[in-house]
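One letter stands for each residue in the lines below.
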Amino acid sequence: MLYDLGSVHCFVVPDSLSALQRTAQYWRAQQKIRTIGVTGSIGKTTTKEAIDAVLKQQYRTLKSEGNYNNEIGLPMTLLHLGPEHERIILEMGMYDLGEIALLATIARPQIGVVTNVGPSHLERLGTIERIARAKAELVEALPAEKDGGIAILNADDERVIAMAESTQAQIFSYGLGSRADLRADQIESEGLEGVSFRLRHGEDSVHARVPMMGLHSVHTCL
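Residues numbered from 1 in each chain as written. Predicted model: local features only at pLDDT ≥ 70, side-chain atom pairs only at ≥ 80, totals over all residues. Heavy atoms only, no water.

### Some details on the overall build of the protein
Here is the rule: For helices the rule is a DSSP run of H or I covering at least 4 residues; for strands it is a run of E covering at least 2, with both sets numbered from the N terminus onward. We compute the radius of gyration from the C-alpha atoms alone; for a globule the expected value is 2.2 Å times N to the 0.38, where N is the number of residues. Burial classification: accessible surface area is computed with a 1.4 Å probe over protein chains only, and a residue below 20% of its type maximum counts as buried, one above 50% as exposed, and the rest as partly exposed. Contact criterion: two residues are considered in contact whenever any of their non-hydrogen atoms come within 4.5 Å of each other. Residue exposure ignores everything except the shown protein chains as possible cover, and the areas themselves are Shrake-Rupley values with a 1.4 Å probe. As used throughout, the charge tally considers Lys and Arg to be positive and Asp and Glu to be negative, leaving His and the chain termini uncounted. A charge is said to be at NZ when it belongs to Lys, at CZ for Arg, at CG for Asp and at CD for Glu.
In terms of helices and strands, the protein carries eight helices and nine strands. Against the globule reference of 17 Å for 222 residues, the protein gives a C-alpha radius of gyration of 19 Å, in line with a compact fold. In terms of overall dimensions, the protein has a C-alpha envelope of 65 × 40 × 40 Å along the principal axes. Relative to its 222 residues, the protein shows a buried fraction of 43%. At a minimum sequence separation of 6, the contacts of the protein that also span at least 24 residues come to 58%. Surface summary for the protein: the accessible area is close to 12500 Å², and the carbon and sulfur share equals 52%. Put simply, the protein has 22 plus and 28 minus side-chain charges, and the middle of one group is 3 Å from the middle of the other.

Below, the structure is given as structure tokens:
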């Protein structure tokens, strides 16, 4: 049976996954765009959505749809990049060591966000320490501070804030403790209406309320 494919071109390659990744890597390299990578054991998708909600107030954004965060989904997202986009937010997941490093090689993020380190995929990696090593691959891949690299780390997670030693990027931390660059206090539950809190950065502060529930939502907002 014959099909009229019109202007569609078909390529025969020895490895379709490798071809997809290399094509996305090439296409990303052609784009002058600020790229944000987001990883963590939990909260990646919500954090990615929150970042996009903020950035699209000023920039034309592209983001990972759903949880397209693996070796197939991330390249597919990158192939939707166009000249109209100014920022891209990419969720980065993993099952083993080396996978986030591969995604970072393809996506070339200048900003990396690490939400937390927990026992997700413990059955594959064996220890929390190995999970932390896998997540740290994102900040290790960032450019140096002089080249615009920024690592945004959860200061309330000891394994995450320790990643500051693994990168030459600028460190910007967030959390509920006093050591965080951006922190929240005066946190109050508003029931089904969400949660309210005060954001503090240096001497500046602003009160906020978001329609999200739970203390973890405050970290997402930060």
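### Section: the pairing of strand E4 (residues 111-114)
What counts here: Paired strands, as defined in this entry, are two strands with at least two bridges between them according to DSSP.
Residues Ile111 and Val113 line one face of E4 and the alternating positions Gly112 and Val114 line the opposite face, and both faces are buried. Bridge analysis of strand E1 (residues 34-39) against E4 gives four bridges, and the strand direction is parallel. Note that in E4 the partner of Val38 across the bridge is Val113. Relative to strand E5 (residues 150-154), E4 runs parallel, the two sharing four bridges. By the bridge assignment for E5, Val113 is matched with Ile152.

### Side note on unusual backbone geometry
The backbone of Arg108 sits at a positive phi, close to 50°, despite the residue not being glycine. Examined against the element boundaries, Arg108 turns out to sit in the loop between helix H4 (99-107) and E4. Unusually for a residue other than glycine, Gln186 sits at a positive phi of about 50°.

### Thoughts on the pattern of salt bridges
We count it as follows: Within this document, salt bridges are pairs made up of a side-chain nitrogen of Lys or Arg and a carboxyl oxygen of Asp or Glu, the two lying within 4 Å of each other.
Following the criterion strictly, the structure yields 10 salt bridges and no others. We note a salt bridge from Lys63 to Glu49, for which the minimum N-O separation is 2.5 Å. One end of the pair, Lys63, is in strand E2 (residues 61-63); the other, Glu49, is in helix H2 (residues 44-55), with 14 residues separating them in the sequence. Across the pair Arg130 and Asp96 runs a salt bridge, and its minimum N-O distance is 3.7 Å. Residue Arg130 is found in helix H6 (residues 128-140), and its partner Asp96 is found in the loop between strand E3 (87-91) and H4; the two are separated by 34 residues along the sequence. Connected through salt bridges with shared partners, the residues Lys48, Glu49, Asp52 and Lys63 form a single ionic network.

### Quick word on the sheet that holds strand E6 (residues 170-175)
Backbone hydrogen bonds are what pair the strands of a sheet, in a parallel or an antiparallel way. Heads up, the condition is: Where helices are involved, their axes are fitted lines through C-alpha atoms of the stretch in contact, as for all axes, and angles between N-to-C directions lie from 0 to 180°.
Taken in spatial order, the nine strands of this open sheet run E2-E3-E1-E4-E5-E6-E7-E8-E9, and their pairing is mixed. Every interior strand has two partners, whereas the edge strands, E2 and strand E9 (204-210), have only one. In this sheet, neighbouring strand axes are inclined to one another by 15° on average, regardless of whether the strands run parallel or antiparallel. Where H2 meets the sheet, it contacts E1, E2, E3 and E4, and its direction lies at approximately 170° from that of E3.

### A look at the packing of H4 against H6
Selection criterion: Small angles under 35 degrees read as roughly parallel and large ones over 145 as roughly antiparallel, with 65 to 115 read as roughly perpendicular and the rest as oblique. Left-handed describes a crossing in which the near helix is turned anticlockwise from the far one by less than a right angle; the clockwise case is right-handed. Three classes are used, and their members are as follows: Ala, Val, Leu, Ile, Met, Phe, Trp, Tyr, Cys and Pro are nonpolar, Asp, Glu, Lys and Arg are charged, and the others, Gly among them, are polar.
Contact pair H4 / H6: the axes reach a minimum separation of 8 Å and the direction vectors enclose 15°. Regarding the angle of H4 to H6, the classification is roughly parallel. Of the two elements, H4 crosses H6, and the hand of that crossing is right-handed. Each of Glu99, Ile100 and Ala101 in H4 lies in contact with H6, whose residues at this interface are Ala134, Lys135, Glu137 and Leu138. Tallied by class, residues from the contact of H4 with H6 come to four nonpolar, no polar and three charged.

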